[in-house]
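# Observations on the model geometry
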Amino acid sequence: MRRDSNADFIESIARGIDVIRSFDAATPLLSLSQVAERAALPRPTARRILTTLEVLGYARKIDDRFTLTPRVLDLGMAYIGSLDIWQLVRPHLVDLVAKTKESCSVAQLDGSDIVYVSRVAVPKLVTLSVTIGTRFPAIATSLGKVLLAQMEPEELDDVLAIPSRCPVSPRWHPDRREIDAVLREVRERRWAVTDEELALGIRSIAAPITDGDGRTVAAVNVNASSVETPLATLVEHHLPLLQHTAGAISEDWVRYHARPLQTVRA
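Residues numbered from 1 in each chain as written. Predicted model: local features only at pLDDT ≥ 70, side-chain atom pairs only at ≥ 80, totals over all residues. Heavy atoms only, no water.

Take the pairing of strand β7 (residues 192-195) next. Sheet analysis places β7 next to strand β8 (residues 202-210), joined by 4 bridges and oriented antiparallel. Of the residues in β8, the one forming a bridge with Asp195 is Arg203. As consecutive antiparallel partners, β7 and β8 are separated by 6 residues, and within that stretch Glu196 has a phi angle of approximately 60°, a positive value. (Pairing = 2+ DSSP bridges. Helix = DSSP H or I, 4+ residues; strand = E, 2+ residues; numbered from the N terminus.)

Spelled out as structure tokens, the structure:
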């Protein structure tokens, strides 16, 4: 969505978020000029936002540079704390890991990336490290294919136009015709597989997690090493177990969101 396309869009909030997102693990300390450049803002605007964040306790100035404080985690924890559903998901993943002897994860879509929201891993020699919050380009992952397959063409256009925020460059760079063909197949069979499309040595298979209306709200996968696990094992052995798990998580999702909300009285 263009920022000027909605009369209710608050540009000042968006700029504040842009400033926060200009910091990352590789560059936790930034000068005013660096923040302005990364957030695509004039220096005076960036300075006022940084000053506001500093007063609120979300940023700190060290000499002539700025850094975020741990209080920024409160913003993310508000999301995590509101979704206790992931506590219900984990036992299902533990059970699936026990049956497949492979790492299993749940992810949701964020722009053109997937973001891992739950994971149970087993020790494996893999080329990419995955933790909660890790993101990868959606189209190169089985989880992402499942999530993208539900979209109408216009929505898919908008999502694919969003630049990835993942530093990993996938091995597979499909054109739109290839993407449409792959997602059409995923929609028809209700599962997706990737074989070293994201990175060498990694293959996976995923299935959708759905809400009460049958809409895909997340995806769950089994991730394996291409050296240790043949593709046929993923499809013939792991897939039925995965689909059972996806169904069980979907049922929990529906029950969780149908629960009566308690009103806290002062």
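Picking up after the structure, the text goes on.
Even without being glycine, Lys101 reaches a positive phi, approximately 65°. Mapped onto the elements of the fold, Lys101 is located in the loop between α5 (85-100) and β4 (103-110). With a relative accessible area of 56%, Lys101 lands in the exposed category. Unusually for a residue other than glycine, Arg190 sits at a positive phi of about 70°. Positionally, Arg190 belongs in the loop between α8 (176-189) and β7. Looking at Arg190, the relative accessible area reads 43%, which means it is partly exposed. (Buried < 20%, exposed > 50% of the residue type's maximum accessible area, 1.4 Å probe, protein only.)

Inspection of every chain in the model, using the stated rule, returns 2 aromatic pairs. Judged by centre distance (6.0 Å) and plane angle (55°), the ring pair of Trp86 and Trp253 falls under tilted. Placement of Trp86 in helix α5 and of Trp253 in helix α9 (residues 231-257) is noted, with a sequence separation of 167 residues between them. Looking at Trp86, the relative accessible area reads 10%, which means it is buried. (Phe/Tyr/Trp six-rings, centres within 6.5 Å; stacked < 30°, edge-to-face > 60°.)

Next up on the list: empty space enclosed by the protein. Enumeration according to the criterion identifies 1 cavity of 30 Å³ or more in this entry. Lining the largest cavity are 20 residues, and of these Tyr116, Leu198, Ile202, Ser204 and Asn223 sit closest to its centre. Elements with a minimum of two residues in the lining of the largest cavity: β5 (113-120), α6 (142-149), β8 and β9 (216-225). With 3 residues, the top contributor of residues to the lining of the largest cavity is β5. By residue class, the composition of the lining of the largest cavity is 11 nonpolar, 6 polar and 3 charged. (1 Å grid on protein atoms, 1.4 Å probe; cavity = no way out; pocket = protein on both sides within 12 Å on 5 of 7 lines; lining within 4 Å. Points joined across faces, edges and corners; volume = space filled by probe spheres on them. Nonpolar A, V, L, I, M, F, W, Y, C, P; charged D, E, K, R; others polar.)

Another aspect to go through is the environment of Ala206. Tracing the chain through its elements places Ala206 in strand β8. For the pair Ala206 and Ala98, spaced 108 residues apart in sequence, the C-alpha separation works out to 17 Å. Not counting chain neighbours up to four residues away, the residues in contact with Ala206 comprise Ser142, Leu143, Val146, Trp191, Ala192, Val220, Asn221 and Leu242. (Contact = heavy atoms within 4.5 Å.)

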